[in-house]
Amino acid sequence: MMSPTQWDLPPELCCRPMAFVALTGLDVTYNAIHRAIWDAFCANRRADRVPISFKVLPGDHEYPKCRTKRTSYEWYIPKGILKTGWMNKHLNLVPALLVLFYELDWDDAVWKEKQSECATKVEIVRTSLQGRNTKVAVVLIQKKTPLPPGEDLVASERAASLCNACDLSGKSLFVLPHTDHLVGYIIRLENAFYEHAQTYYYTEIRRVKSHKEFLNKTTHQLLFVRHQFKIAFFSELKQDTQNSLKYYRTAYSLVHELRTHETNMLEIKTMAGFINYKICRLCFQHNTPLDAIAQFRKHIDLCKKKIGSAELAFEHTAWMSKQFQSFGDLFDEAIKLGLTAIQTQNPGFYYQQAAYYAQERKQQATHLCAHEASVSYPTPDHLETPSGALDFYGQRAWRQGHQSIDPPHMEKEKGGILALQMKEKDVPHSELIIALLSNAVAQFKKYKCPRMKSHLMVQMGEEYNHAKDYTKALKLLDYVMCDYRTERWWSLLTSILSTALRCSYLMAHVKDYITYSMELVGRASTLREEQKSRIEKNLIKVLMNEVPEAEPDCDQASAKAAQALWSDRMSLAGSNEFTIEVQDYVPFVQCKAKFLSPSFHVDDPVQLHVYLRADCPHPVRFSKLCVSLSNQEYNQLCVVEEPCKSQDILEASSQENMCLVPGKTRIYSFKFVAKTEDVGKKIEITAVDLMLGSDNGRCVFLNWRGGGGDAASSHEALLAARSFKSRGRVPEQHVEWDTVSIQASTMIISRIPKISVQLSHEPPALNNEMYRITVSIQSNEETVTKDVKLTAGLKPGQDANLTQSTHVTLNGLEMCDESHPALLPDIAIGDLQPGEKVEKYLYVRCVTTGARIFLFHVAYALSTKVEGKDITCKCHKDEIVTIETVVPFEVAVKFVSTKFEHLDRVYVDIPFLLMTDILSASPWPLRLVTSQLQLAPTMAAMDQPQSQVEQVVLQTGECASECFSLQCPPVLNGMSSVASGQYLISWKRKSWSADAPVVTTVATLPHVMVETIPLYVHAELPSFGRVRESMPVRYHIQNRTGLVQDVEMSVEPSDAFMFSGLKQVRLRILPGAEQEMLYNFYPLMAGYQNLPQLNIGLLRFPAVSGQLLRRFLPSRIFVKPQGRQADDASIAAA
Amino acid sequence: MEHTQSRDACWHSRHHSKMAVCIAVIAKENYPLYIRSVPVQNELKFHYTVHTSLDVVEEKISAVGKAMADQRELYLGLLYPTEDYKVYGYVTNSKVKFVIVVDSSNTSLRDNEIRSMFRKLHNSFTDVMCNPFYNPGDTIQSKAFDSMVSAMMVQAS
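Residues numbered from 1 in each chain as written. Chains lettered and ligands numbered in written order. Predicted model: local features only at pLDDT ≥ 70, side-chain atom pairs only at ≥ 80, totals over all residues. Heavy atoms only, no water.

1. As for the UniProt feature "domain: Trafficking protein particle complex subunit 11 C-terminal" (unreviewed entry) in chain A
Move 1: Mapped onto the present numbering, the UniProt feature "domain: Trafficking protein particle complex subunit 11 C-terminal" (unreviewed entry) falls on residues 1039-1096 of chain A.
Move 2: Between the C-alpha atoms that bound residues 1039-1096 of chain A the distance is 13 Å, and the span itself is 0% helix and 60% strand. (UniProt positions renumbered as here; feature names shortened; annotations may be inferred. Helix = DSSP H or I, 4+ residues; strand = E, 2+ residues; numbered from the N terminus.)

2. Focus on the domain arrangement of chain A
Move 1: When cut into domains, chain A gives domain 1 (17-258), domain 2 (468-573), domain 3 (589-644 + 656-722 + 734-749), domain 4 (755-886), domain 5 (889-1011) and domain 6 (1015-1120).
Move 2: In this structure, domain 1 of chain A and domain 6 of chain A have C-alpha centres spaced 141 Å apart. (Domains from an automatic or database assignment.)

3. A closer look at a nonpolar patch on the surface
Residues and elements named next belong to chain A.
Move 1: Where nonpolar side chains cluster on the molecular surface, the patch consists of Phe1024, Tyr1088 and Phe1118 and spans about 310 Å² of accessible area.
Move 2: Mapped onto the elements, Tyr1088 comes out in strand E44 (residues 1087-1090).
Move 3: In this structure Tyr1088 comes out as exposed when scored by relative accessible area, which is 55%. (Patch = residues over 30% accessible without salt bridge, like charges linked within 9 Å, V, L, I, M, F, W, Y side chains within 5 Å. Areas by Shrake-Rupley, 256 points an atom, 1.4 Å probe, with all protein chains shown as cover. Salt bridge = Lys/Arg side-chain N within 4 Å of Asp/Glu carboxyl O. Buried < 20%, exposed > 50% of the residue type's maximum accessible area, 1.4 Å probe, protein only.)

4. Some remarks on the state of the cysteines
Residues and elements named next belong to chain A.
Move 1: In this structure the tally under the stated criterion is zero disulfides over all chains.
Move 2: The thiol of Cys42 is not disulfide-bonded; the next cysteine sulfur, from Cys15, is found 18 Å away.
Move 3: Residue classification places Cys42 among the partly exposed positions, given a relative accessible area of 33%.
Move 4: Cys166 provides the cysteine sulfur closest to Cys163, a residue in no disulfide bond, and the two sulfurs are 7.4 Å apart.
Move 5: Owing to a relative accessible area of 11%, Cys163 belongs among the buried residues under this scheme. (Disulfide = S-S within 2.5 Å.)

5. Description of the packing of aromatic side chains
Residue and element names in this part refer to chain A.
Move 1: For the structure on display, the rule yields 45 aromatic pairs over all chains.
Move 2: Ring geometry for Phe327 versus Tyr350: centroids 4.7 Å apart, planes at 65°, classification edge-to-face. On the criterion of sequence distance, the pair formed by Phe327 in helix H11 (residues 313-336) and Tyr350 in helix H12 (residues 347-368) is long-range, its members being 23 residues apart.
Move 3: According to the relative accessible area criterion, Tyr350 is buried, its value standing at 4%. (Phe/Tyr/Trp six-rings, centres within 6.5 Å; stacked < 30°, edge-to-face > 60°.)

Shown next as structure tokens:
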């Protein structure tokens, strides 16, 4: 912490005034009870306690003497505005209330004596406070707990007598029982004290106010200010901050009404500053920060121009700086107590302005205090006063109390000014400035102002530079530099770099010097060409291990010291090699590296170009360029090197290969053969290094990570891409720098195979068949292809289910099953001579339908020559085909009655038909080899079923049908669903040879409902009738139950027939027996005619309706017309 | 024609000496596209002033919610006052920023006049952008823009 200076505000001004109460009669050192009482007063004073500052004073303490009260101001001429001791006097020296502590119980044995001792003590303090309005109170410390008021008659009597003896009012006598509840009593006591103190300050205010009527405006101007200030201060002590603020405001306007001249300017400003501080402080306390800010602005506007003595101009700036700093502190304190600040209104701005004035002060000081060395500090010292301090705030030590316009003593005046100037010289200005700036930085960081923060840090860096603390300066500047670089504020970056360069020069810090130089001569620098030229020449000197010229604006002494440092550096051997990572800067050499293609075949040489361009004013010569790649084995192939002598650096010739001419793009190409192990790998440029200087001098490697580029290049590339210029045509040889893009990596891929792989097959594949794919491999290479291998089958990486349902084999003669894999790897084919062709058959069986991707991968090895180098390349060719698998045919099955009527159920022992339809879905003709019905035990064939579709050929969309007569044996419990069995179809494509395996497709037949019926009816009738020719119809009615059945039968009349037989009958049929009914139908009409309907009713099974039974009976018959023999004869006759 | 115009501008500035001391156009990415100040010797200080004012501009832009972005007023008003200068800001819809620095002592310049200065600047900037030979993102080098800016600046004496 710095020691307080003349400009710091006095602590008594900055503290919060509290009522001052002095305690006497307490022996806090040796008396434990007194110690406890004192501790209760002063320990743990929280905000809820009344604001009092307590002090323990001895009984015989001497208080400041009170001067005799002035009765008239008529001849009084004030000597200043405010005495330096006044505030302290009322805060710490003159109590508002004096409290005498005395140990005395009401029933004390020697009451009388004690009473008079107490009265004497009171008398002593009264005397020492003579002339003051300070109140006196007495506290009796008692051992006994007092009785409730009024009950202890002795107490009230003795209290009255004590008051009388001490000349105290009853309100000023207190009792403090020393019991358990000490703190509670103390709090009550201090509240009472506080009231007394308030009264005291109120009287003081009244007293000061009463002076006013004696004052006149011509001679007592200073007193107006003084009195207002005092009233305000007393109000503050009284904790009446509202009125206090009002009085301070009046005082503030009064202070500006004072006549100002050079001699009293400092006093006026000092007081204005004090009052302003008080106002702002109270405004913040009242939570009206805007009022505080407005007051401060007003204050600054009023005082800004009140410079005072020109020879002491630095005093004004010092004062201004302090004003801003104090306000910043107040603001910050208010924030800590809960005020919210914003980005555009925070303490940082005030600290920043304080720093600005501190900078001004420093400049003025250097200007005004530049005395000749012969000038010495004046004797006698005019700044010394008899008391060692000033009487009034803001006055000159050599003419205290002097209030006229002209200084009384010119000689003293000069000496005083000189003394002040000499003192100013010793002020650590930079330290002050940096402290303020760093305060501001902390604030702006808090209020989201990163740029403001950077700016202040630059200023801090510059200040450290001035203070010759170059290490700290560089640390700060380095820190912010990249912000300006990323934001592309080149003018600001250049300015920072220039300062940094100067610092690094003065420290002879070689690496930094080179780093800053190379950016300052580069394209991001806004320096003029001649400055760049100067820096570049210095840079070359450093590269040649010589001492560079001093930077401009360095003072002579520092420059000289720096020269010596540099010479030392130069003479030291070693540490002459530097690597500078330029990626994050904007160096004067730009670099872009690119592979000419994003991929290279292993039998083609990899080509790589490095583009270099210098942006400095003079040509640059370099001695080595090397590219580092991810596979370091290639690094040795990507180097250009040409060791140069020192002279070459100086006189770089633009003709040389290793010379970069400003503004011209130079291309360096490299070519190498990739290693066969790198096939399928990525080769990356990890770095490009450019060596400047020489091994015997000093060498610097500029190192670009990756394929080059720097802090500015990506943005430039973006702009170039947008530019209309990029669309223009550029002459062949000329390379437009901006159009070059970095390509930092390339893939090494295998050699292009010169082999043809052809597939022939007949898609789609049919479900379950052995699908044949013919693979023809033909070598188009010029030499023997060795070790040809074919990998064929389902392409890996598809749905896992496909692997289970796909089987591949080379043997087409037998069906393959689950044991066969989905992919056959590395089928050896052997060597192929140029032009030789090989065919392979691959059989695929797809168990499920859907699309599958098949892979045919042919790999081989081949020896070849690249760039005169023998390499063995592995080549491969992939052929991929997607094959759809479809079902060959659809099988439809249905159950019909013997009348070909659809059945949703069949009946026990009653024959029915099973019909199968095979509908070809294959685009290729199919040959059905045979078909077979495998019946379940619940079904029986009526005869030996034979395939009816053997050797049938189905074209697309054609259908082959078969029909089998079946019947069901009886089932349990009348009705159930039974399995029917399977239907096997053996087939192959028509185009296939006879020895090709036959595919068998199994179709599961549906289940069917079987039902037992009690009665079965069938009719026996001729296939047709003839009009008017009788035809016999026989109905057979079988009882299929174990019971005797009563059957009711009737035949309904019909228009188409006459008939004979029983029209309505009831009969009884024995279990298992059959009844035959015979009718003769006599057709009346020709054509299809409905037979007369036979109604059958079972009395025992009402559920078995005639309708159900009627299904077994024919419903109609074809009736031919009557024969026409007679007519034929007549026609013949005619 | 051009001659009359420039004389007009001169007349204008002489009678309204209360004008900008620094005018800057800042790209969306916050680098300067154009920056000019009087007096020239204090150029660097103005560059810093403009650069630091971007803190407030950024904050103001981000304070306006995304939903409100469409209705956002381009004029940002007084960014922050320094002891000597007042800094005003304006943001186009494409996030190009205009900054005008005015002397603090210049109390006669009202908000309306600042607004109209920004409008003029915006119009002129639009003209620059419409030039097919201008590459967006490049620094502005346009005589028309220059003379418009000159007309708004305090004449360096």
